[in-house]
Each structure stands twice: as C-alpha cells, then as structure tokens.
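Inside the fold
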Amino acid sequence: MIDQNEQFLMAWLRISSTVSNERIVSELSFNEALVCDVLYYGNMLKMTQKWTATDLCKLTHMHKTLMNRTIKSLEKKKIILRKPDDEDKRRYFVEINPENFDVFLTVHENSMKLVRQVTESIGQEKTEAAIEIFHNISETVDQVLYQKGDKEND
C-alpha cells in the first residue's frame with residue numbers, strides 16, 4: 001500500500017507535469033510563461049510596481065541564472081522589454097512589450113480553455129476548495145523551505 005505522502009507526491013507531480021505540458025504552452029517554455037504570467041497579472045491588477053529580475057525570482061522561486069536566461073529568451077522573442085532604471089543604470093526593469101505580447105496571450109488563452117473545462121467539470125464548490133487548497137499548499141511549502149534555510153535565489 002502506498003502511504004498518503006507518496007500519494008500526495010504522485011498527485012502533485014501529475015498536475016505539475018500536466019500544467020507544463022508542451023501542448024498547452026508550446027510557443028513558450030514553462031518558465032517563460034510563468035514570468036509572463038507575473039507581468040500579465042501585475043498589469044491586469046493595475047499594479048504600479050516595476051518588476052526587476054530579483055522581484056521575479058522571489059515570485060517565481062526561480063534561481064537568478066535561470067531567470068536571466070528566461071528574460072533574455074523572452075527579450076529575444078520580443079515579448080518583454082528590459083528598461084534601465086533612470087537612477088541606477090546597473091538595474092533594469094522588465095515589462096510587457098505591447099507590440100508582441102499576443103504570443104503570450106495565445107498561450108494564456110490555451111491554458112484558460114483547459115482551466116475552464118476542468119472547473120466546469122468539477123463544479124464551483126470543488127473549484128473554490130481547490131483554489132484554497134492550492135494556496136494553502138503553496139504557502140506551506142514556502143514556510144517549510146524558508147524554515148529550513150533554503151536559499152531559493154542563490
């Protein structure tokens with residue numbers, strides 16, 4: 001018999017691999033889509049914050065080297081822009097390139113189609129419960145990693 005922790009891990013890995021499936025995010029890597037999601041939701045929520053690579057690392061839990069590669073790749077695809085800080089030329093901000101962001105929006109819409117199908121299938125009550133559970137799991141994982149002194153951005 002597989003214990004509960006093993007079952008939890010199996011379910012986690014299954015949903016993680018489904019979300020990062022190439023058929024859903026074929027035009028972008030999973031990490032590229034993740035960075036674009038942060039920028040997209042920041043704009044959608046009318047946040048005035050300017051995002052640095054360090055900010056994006058903290059939000060996505062990506063290492064700095066991977067974040068830099070991801071930003072360079074998105075910049076090469078002309079999906080994002082890097083703009084230097086007026087006060088500190090060593091620092092730059094990452095923002096959406098409105099002229100070519102439709103590439104991400106296509107990927108996002110494909111993801112949303114899948115999410116809509118799933119939520120319609122499981123219903124509103126289970127969807128709300130899943131959202132709460134996903135948030136609780138994310139917060140708990142962050143707390144456990146932080147307590148162990150894991151340096152996520154080194």
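Described in the following lines is the structure provided in the data block. Computed from a predicted structure; not experimentally measured.

Turning our eyes to something else, we now look at the overall build of the protein. The helix and strand inventory of the protein stands at 5 helices and 2 strands. Going from N to C terminus, the protein has its helices and strands arranged as α-α-α-α-β-β-α. Going through the 154 residues of the protein one by one, you find that 23% of them count as buried. Across the protein, the fraction of contacts at a sequence separation of at least 24, relative to all contacts at a separation of at least 6, is 55%. Taken as two groups, the 21 positive and 25 negative side-chain charges of the protein have centres that lie 6 Å from each other.

By size, the foremost hydrophobic cluster in this structure holds 22 residues, and its most contacted members are Leu 39, Leu 56, Met 67 and Ile 79. Counting residues per element, the ones that place at least two in this core are helix H2 (30–44), helix H3 (53–60), helix H4 (64–76), strand E2 (92–96) and helix H5 (102–147). Non-local contacts of Met 67, meaning those with residues more than four positions away in its chain, are made with Val 35, Ala 53, Leu 56, Cys 57, Thr 60 and Met 62.

Relative to each other, H2 and H4 sit at 80°, their axes nearing to 10 Å. Taken together, the axes of H2 and H4 are roughly perpendicular relative to one another. In this structure, H2 uses Asn 31, Glu 32, Val 35 and Cys 36 to contact H4, whose residues at the interface are Leu 66, Met 67, Thr 70, Ser 73 and Leu 74. Considered class by class, the residues forming the contact of H2 with H4 number 5 nonpolar, 3 polar and 1 charged.

Conventions used here
Residues numbered from 1 in each chain as written. Predicted model: local features only at pLDDT ≥ 70, side-chain atom pairs only at ≥ 80, totals over all residues. Heavy atoms only, no water. Helix = DSSP H or I, 4+ residues; strand = E, 2+ residues; numbered from the N terminus. Buried < 20%, exposed > 50% of the residue type's maximum accessible area, 1.4 Å probe, protein only. Contact = heavy atoms within 4.5 Å. Lys, Arg positive; Asp, Glu negative; His and termini not counted. Charge placed at Lys NZ, Arg CZ, Asp CG, Glu CD. Core = buried A, V, L, I, M, F, W, Y, C linked by side-chain atoms within 4.5 Å. Axes fitted to C-alpha atoms, helices over the stretch in contact; angles between N-to-C directions. Parallel < 35°, antiparallel > 145°, perpendicular 65-115°, else oblique. Nonpolar A, V, L, I, M, F, W, Y, C, P; charged D, E, K, R; others polar.

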